[in-house]
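# Structural characterization, general
Take a look at the letters that make up each chain.
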Amino acid sequence: MTPQFSSRDPNHPEFWDERFQQGFTPWNRGAVPQSLQDFVAHSEVSVSGTHHCLIPGCGHAHELEILSEAGWQVTAIDFSSSAVVTAKSQVGKWAERVQQADFFKFVPEQALTLIYERAFFCALPPAMRKAVVERWAVLLPVGAKLIGFFLLDDTEGASKKGPPFRTHPQEFQTLMQPYFVCLEDAEVSDSLAVFEGKERWQIWQRL
Ligand SMILES: C[S@@+](CC[C@H](N)C(=O)[O-])C[C@H]1O[C@@H](n2cnc3c(N)ncnc32)[C@H](O)[C@@H]1O
């Protein structure tokens, strides 16, 4: 049976609370994506000091443990209380690194070196894209990186239905280029069905 939802606006935490509470979470991987595992394995934090990493819209924060175990300082935020309660219960000793916060208002205690993106940008309606990119740019100092998964699709009209909302690659490039340069763009081998064939692993550096 299809679940019934009363909240229809992904800009509000209630939208996400309802879906988490009803267990309707087709984006939820329940594990760490391979491309992120590879990035962590090749990360050179010991040379340059530790990473200070933010995970916006973390959901159940499945990635928090591997990043924390790698020695990174990580903060995972989500504005859905349901997401935060479950995340805290699942991340063991790293629970206090999960915070209930709105991405657009959150101010990190220390300068970030990384933001990790997965299924947050594509969760918000297209009208919010410019604001997300601008917030990434404010939060990341020059040289810092935005890493993660981006749902890109050059099919006409692809961005109209969601979440997840797909973005035309040219639109994404146009939004990003005032602030970031793309260092890496790769296929993803282990996408979930809802992202299959349209998900890219990318690394962007703040200009
Ligand atoms: C599709 S889920 C993805 C969750 C997680 N990143 C993952 O990969 O499983 C999108 C998440 O973004 C959160 N979110 C949406 N807008 C937000 C905002 N303004 N501030 C913080 N979290 C937000 C939602 O509550 C939800 O948990």
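Higher on the page you've got the structure.
Worth saying up front: this structure is predicted, and the values here are computed from it rather than measured.

## Topic: the overall build of the protein chain
- Assigned secondary structure in the protein chain consists of 7 helices and 7 strands.
- Along the chain direction, N to C, the helices and strands of the protein chain fall in the order α-α-α-β-α-β-α-β-β-α-β-α-β-β.
- In terms of overall size, the protein chain behaves like a compact globule, its C-alpha atoms giving a radius of gyration of 16 Å where 207 residues would be expected to give roughly 17 Å.
- Within the protein chain, the proportion of its 207 residues that are buried is 35%.

## Digging into the sheet that holds strand β6 (residues 180–187)
- The 7 strands are arranged β3-β2-β1-β4-β5-β7-β6 in an open sheet whose pairing can be described as mixed. The open sheet has two edge strands with one neighbour each: β3 (98–100) and β6. Looking at each pair of strands side by side, their axes are set apart by 25° on average, direction ignored.
- Pairing geometry for strand β2 (residues 73–78) and β3, over 3 bridges, is parallel. By the bridge assignment for β3, alanine 76 is matched with valine 98.

## A few points about the environment of alanine 123
- Mapped onto the fold, alanine 123 is located in the loop between β4 (114–117) and α6 (129–139).
- For alanine 123, a count of 21 C-beta atoms within 10 Å puts it in the buried group.
- Separated by 88 residues in the primary sequence, alanine 123 and serine 35 place their C-alpha atoms 20 Å from one another.
- Leave out the neighbours within four places in its chain, and alanine 123 touches Pro10, Gly57, Pro163 and Pro164.

## Observations concerning the site of the ligand
- Within the structure, the ligand sits among 21 residues, and Trp16, Gly57, Gly59, Ser80 and Phe103 are positioned closest to it.
- Secondary structure elements with two or more residues in the shell around the ligand: α1 (13–21) and β2.
- Split into classes, the residues belonging to the shell around the ligand amount to 14 nonpolar, 4 polar and 3 charged.

## Regarding unusual backbone geometry
- Of note, the amide linkage connecting glycine 162 to proline 163 takes the cis form, showing an omega dihedral of -5°.
- Tracing the sequence through the fold places proline 163 in the loop between β5 (145–151) and α7 (169–176).
- In this structure, proline 164 follows proline 163 across a cis peptide bond, with omega equal to 0°.
- Relative to the helices and strands, proline 164 resides in the loop between β5 and α7.
- Despite not being glycine, alanine 61 shows a phi value in the positive range, around 55°.
- With respect to the secondary-structure elements, alanine 61 resides in the loop between β1 (52–56) and α4 (64–69).
- Phi at alanine 119 takes a positive value of approximately 60°, unusual for a residue other than glycine.

Conventions we followed
- By convention here, each chain's residues receive numbers from 1 onward along its written sequence.
- A pLDDT threshold of at least 70 governs which residues receive local features in this predicted model, and a stricter bar of 80 or more applies before side-chain atom pairs are shown or counted, although totals over entire chains, interfaces and linings include all residues.
- A run of DSSP states H or I qualifies as a helix once it reaches four residues; a run of E qualifies as a strand once it reaches two. Both are numbered from the N-terminal end.
- To get the radius of gyration, use the C-alpha atoms; to get the globule rule, take the number of residues to the power 0.38 and multiply by 2.2 Å.
- Here a residue counts as buried when 20 or more other C-beta atoms sit within 10 Å of its C-beta, as exposed when there are 12 or fewer, and as partly exposed otherwise, the C-beta atoms being derived from the backbone.
- Pairs of strands are assigned from DSSP output, requiring at least two bridges between the strands.
- Where helices are involved, their axes are fitted lines through C-alpha atoms of the stretch in contact, as for all axes, and angles between N-to-C directions lie from 0 to 180°.
- Once C-beta atoms have been placed from the backbone, residue pairs whose C-beta atoms lie within 7 Å are recorded as contacts.
- Here, nearness means that the C-beta atom of a residue, built from backbone geometry, sits within 6 Å of the molecule or strand in question.
- Each residue is assigned to one of three groups, with Ala, Val, Leu, Ile, Met, Phe, Trp, Tyr, Cys and Pro labelled nonpolar, Asp, Glu, Lys and Arg labelled charged, and all others, Gly among them, labelled polar.

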